[in-house]
Amino acid sequence: MPKTKSKKTGHGPMARTTEKSKDFKGTMKKLIKYLAPYKFTFLFGIIAAVVSVIISVIGPKIIGNLITEVAEGYMRKVQGTGGIDFDNIFKIVKTLLYIYLLSTAFEYIQGFLMSGVSNKIGYKMRKELNLKIDKLPLSYFDKTTHGDVLSRFTNDIDTLTQSLNQTLTSIITNIVKIAGFLTMMIYISWKMTLMALIVVPLSLFVVLFVVKRSQKYFKAQQDNLGTVNGHIEEMYAANLIVKAFNGEKQSMDEFNTYNDALYGSAWKSQFLSGMMQPLTTLIGNLGYVGVCILGGYLAIHGEIKVGDIQSFITYTRNFTQPINQISQSMNMLQSTAAAAERVFEFLEEKEEEKDIEESIPVSYQGKPLIRGQVIFENVCFGYTPDKMVINDFSMYVKAGQTIAIVGPTGAGKTTIVKLLMRFYELNSGGIYIDGHNINTFTRKDLRSLVGMVLQDAWLFEGTVMENLRFGRMDATDEEIKAAAKAAHVNHFIETLEHGYDTMLNDDNSNISQGQRQLLTIARAFLADPQILILDEATSSVDTRTEILIQKGMDELMKNRTSFVIAHRLSTIRDADSIIVMNKGDIVEVGNHETLIAKNGFYTNLYNSQFENRQEEE
């Protein structure tokens, strides 16, 4: 089941995600600019974190003073010159308690502020992604899977918001810890500090070495995760088709290929990031041993006090911890940047051409100004520059006419109506409605002129009434019911258990295909468009339902310019004109009788369908 993937080197099972390095610096600059509206909250959060760290850094020194007081008091008692000063010890303990309570309070403030900022960032990004989707051309979704887009909404933004709070705060606070611990260590003993710092360059070398090599794997991990999500989403949506054509093995083979790629990149990234902590811990322990030996020597010679040894050992042990945490944060920062890059890539995708500022109005005081005359003039279009689909297409349609467009699969029939709706921009030529180039209308106004009834009857999870109202959001219940009656669908709706309040499930499986099609016709009735597009609207229903749908469409097409795309040529005999297309060109034009009399391409199409039906009978 080949699918086109974004950023892949091929299609189907052999497709591979590129693993080129991302623009880490550029992405982080964009992210910092994105944080600008929350800079003061972010700054206060950082200040609170820094204050919390500074206060907590004093703790081990106070504990050392407590140990010194106990040790000296014990020695005084042994020597008979005094005893332990419990009042002083109580004061030290009380001071220590106040310090840790104050540190906890500032840490809580920091957590509250930073979690608020990170979640606001996530909220803002999801909102911008949602707005961006409406501005992207259909060509973007032709080359990008739904799952990959959804992955940017979910996995990437979740990764970004969760790590943003932890990563940036962790890096800053751990830098402050390192500075604070180093200051206290020098204050206690510069000799012991030199011993402890010998191992730092080696730790930093290990961190930088691992981070540099893990960067590309974090990027690949995010891309591969989008690929896996895209495959699962597509296979879930097409589960019935997969089973019907015994495609389970091929689907599983593709999934295993994508899952293996995700496993490989995730394993490598996590393995490399997991190496840093044990390596830096090992290096830190070597320094810890040296400090213990030197501390004992200095205490014996009276250069430092006994409690200072304990304080320094605590600082030494804690000194390597923020280095380890910075290394982990750098890994998280790689993941953050990879997720942010994918989000920014989506937000920076090329949008549809903007509507002109002075557009042509389509209505005045609620009354339409457009009659529905349509002209295609020398239209050329290709989904890619090297593969043209429509070649020098021209057509004149009077207002109120019914035009049928027929031809073999791939002739360009559906493309014509997509161009009319401005889902794609022309390579050359022009399309005019009532003499106005469609580019002089806003897309919203242009599409308000056109109603569509497609082969794939799309309805969303909600009540029948809500689905019908989608045709015109300000319609009253009475107007909706009137549209349903005009489309010959009111009787069917009233037979449902809850009538217009019947809830349709997410895949509309609680009503038939024909009933779904009738609802889309009623929805088009409610929209009351000047131009109508019917794209294979009866191709997937039985004959009896087709007759009912045809009645609804006949009512809908009255006094409207209608484009009917049909494979069943028997359904378009009464069209005012039939456009016969082949390979992007018009090969014949005329009504049914005229084209049959020509005994050309249309006649061959018609006779082949007639012969096939006779054989089936």
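Here the structure is a predicted model, which is why all the values come from computation and not from measurement. (Residues numbered from 1 in each chain as written. Predicted model: local features only at pLDDT ≥ 70, side-chain atom pairs only at ≥ 80, totals over all residues. Heavy atoms only, no water.)

1. Points about the overall build of the protein chain
From N to C terminus, the protein chain includes 20 helices and 14 strands. The globule rule puts the C-alpha radius of gyration for 617 residues at 25 Å, and the 36 Å found for the protein chain is more than 25% above it. Here the C-alpha coordinates of the protein chain stretch approximately 130 × 50 × 50 Å along the principal axes. The 617 residues of the protein chain split such that 47% are buried. Pairs at least 24 apart in sequence give 78% of the contacts found in the protein chain among residues at least 6 apart. Within the structure as shown, the protein chain displays about 32,100 Å² of accessible surface, and the carbon and sulfur contribution to it stands at 58%. (Helix = DSSP H or I, 4+ residues; strand = E, 2+ residues; numbered from the N terminus. Rg over C-alpha atoms; globule rule 2.2 N^0.38 Å. Buried < 20%, exposed > 50% of the residue type's maximum accessible area, 1.4 Å probe, protein only. Contact = heavy atoms within 4.5 Å. Areas by Shrake-Rupley, 256 points an atom, 1.4 Å probe, with all protein chains shown as cover.)

2. Brief notes about the pairing of strand S4 (residues 387-397)
Inspection of the sheet shows strand S3 (residues 374-384) paired to S4 by seven bridges, in the antiparallel sense. By the bridge assignment, Ile375 is partnered in S4 with Tyr396. What sits between S3 and S4 in their antiparallel hairpin is a turn of two residues. (Pairing = 2+ DSSP bridges.)

3. Observations concerning the sheet that holds strand S6 (residues 428-433)
Read from one edge to the other, the open sheet built from four strands follows the order S4-S3-S6-S7, with strand pairing classed as antiparallel. The open sheet has two edge strands, S4 and strand S7 (436-437), and neither has a second partner. Judged from the five bridges that link them, S3 and S6 form a sheet pairing that is antiparallel. Its bridge partner lying in S6, Ile375 is registered against Tyr432. Sheet strands in contact with helix H12 (residues 413-420) are S3, S4 and S6, and its direction is about 110° off that of S3. (Axes fitted to C-alpha atoms, helices over the stretch in contact; angles between N-to-C directions.)

4. Here we look at the packing of aromatic side chains
Both the distance between ring centres and the angle between the ring planes are used here to describe each pair of aromatic rings. In the structure shown here, the tally under the stated rule is eleven aromatic pairs. Taking 5.7 Å as the distance between ring centres and 65° as the angle between the ring planes, the aromatic pair formed by Phe460 and Phe470 counts as edge-to-face. Here Phe460 is found in the loop between strand S8 (450-454) and strand S9 (462-463), whereas its partner Phe470 is found in the loop between helix H14 (464-469) and helix H15 (477-486), with ten residues between them in sequence. Each residue in the set Tyr140, Phe141 and Phe346 is aromatic and connected to the rest through ring pairs, giving one cluster. Positioned over the ring face of Tyr34 is Lys124, at 4.6 Å from the centre of the ring. (Phe/Tyr/Trp six-rings, centres within 6.5 Å; stacked < 30°, edge-to-face > 60°. Lys NZ or Arg CZ within 6 Å of the ring centre and 35° of its normal.)

5. Brief notes about the confidence of the model for the protein chain
When pLDDT is averaged along the protein chain, the result is 80; 93% of the residues meet or exceed 70. Scored below 50 in pLDDT, residues 1-21 shows 56 contacts in the model against residues more than four places distant or in partner chains. (pLDDT = per-residue confidence, 0-100.)

6. A closer look at unusual backbone geometry
Positive phi is not limited to glycine here, since Arg422 has a value of about 60°. For Arg422, the location among the structural elements is in the loop between H12 and S6. Although it is not a glycine, Asn559 adopts a positive phi angle of roughly 60°. Mapped onto the fold, Asn559 is located in the loop between helix H18 (543-557) and strand S12 (561-565). On the basis of relative accessible area, Asn559 is assigned to the exposed category, the value being 79%.

7. Comments concerning the side chain of Ser269
Note on placement: Ser269 falls in helix H10 (residues 248-300). From its side chain, Ser269 meets the backbone oxygen of Ala266 in a polar contact 2.9 Å long. (Polar contact = N/O pair within 3.5 Å; in protein donor to acceptor, adjacent residues only side chain to side chain.)

8. Here's the deal with the pattern of salt bridges
Opposite charge on two side chains permits them to pair, given that their charged atoms come into close proximity. Counted by the stated rule, this structure contains 20 salt bridges. The closest approach of N and O atoms between Arg152 and Glu345, which form a salt bridge, is 3.7 Å. A residue pair is termed long-range when its members are at least 10 positions apart, and Arg152 in helix H6 (residues 146-188) and Glu345 in helix H11 (residues 306-347) qualify at 193 residues. According to the relative accessible area criterion, Arg152 is buried, its value standing at 5%. Among the charged side chains, a salt-bridge network with shared partners connects Asp148, Arg152, Asp156, Asp223, Arg342 and Glu345. (Salt bridge = Lys/Arg side-chain N within 4 Å of Asp/Glu carboxyl O.)

9. Overview of helix H17 (residues 513-527)
The terminal C-alpha atoms of H17 lie 21 Å apart, and with 15 residues this matches the ideal 21 Å at 1.5 Å per residue to within 8%. Counting buried positions along H17 gives twelve out of 15 residues, so the element sits mostly inside the fold. Taken residue by residue, H17 has Gly514, Arg516, Gln517, Leu518, Leu519, Thr520, Ile521, Ala522, Arg523, Ala524, Phe525 and Leu526 as its buried positions. Asp528 occupies a position one or two residues after H17 and carries a positive phi of about 50°. (Expected span 1.5 Å × (residues − 1).)

10. So, the nonpolar core
Core analysis: the largest hydrophobic core is formed by 48 residues, its most contacted members being Ile121 and Met125. No other element matches the 13 residues that H11 contributes to this core. Those residues within four positions of Met125 in sequence are excluded, and the remaining contacts are Leu31, Tyr34, Ile157, Leu160, Val343 and Phe344. Among the nonpolar cores identified, the runner-up in size contains 43 residues, and Leu468, Leu534, Ile549 and Met553 belong to it. (Core = buried A, V, L, I, M, F, W, Y, C linked by side-chain atoms within 4.5 Å.)

11. A closer look at the packing of H6 against helix H8 (residues 200-237)
Viewed as axis vectors pointing N to C, H6 and H8 meet at an angle of 130°, and their least axial separation amounts to 8 Å. By the angle between their directions, the pair H6 and H8 is classed as oblique. The chirality of how H6 crosses H8 is right-handed. In this structure, H6 uses His146, Gly147, Asp148, Leu150, Ser151, Asn155, Asp156 and Thr159 to contact H8, whose residues at the interface are Gln222, Leu225, Gly226, Asn229, Gly230 and Glu233. Here the residues of the contact of H6 with H8 are counted per class, giving two nonpolar, nine polar and three charged. (Parallel < 35°, antiparallel > 145°, perpendicular 65-115°, else oblique. Left-handed = near helix turned anticlockwise from the far one by under 90°. Nonpolar A, V, L, I, M, F, W, Y, C, P; charged D, E, K, R; others polar.)

12. Observations concerning the environment of Val374
For Val374, the position within the fold is in strand S3. Each C-alpha atom, one on Val374 and one on Leu420, is 9.0 Å from the other, the two residues being 46 residues apart in sequence.

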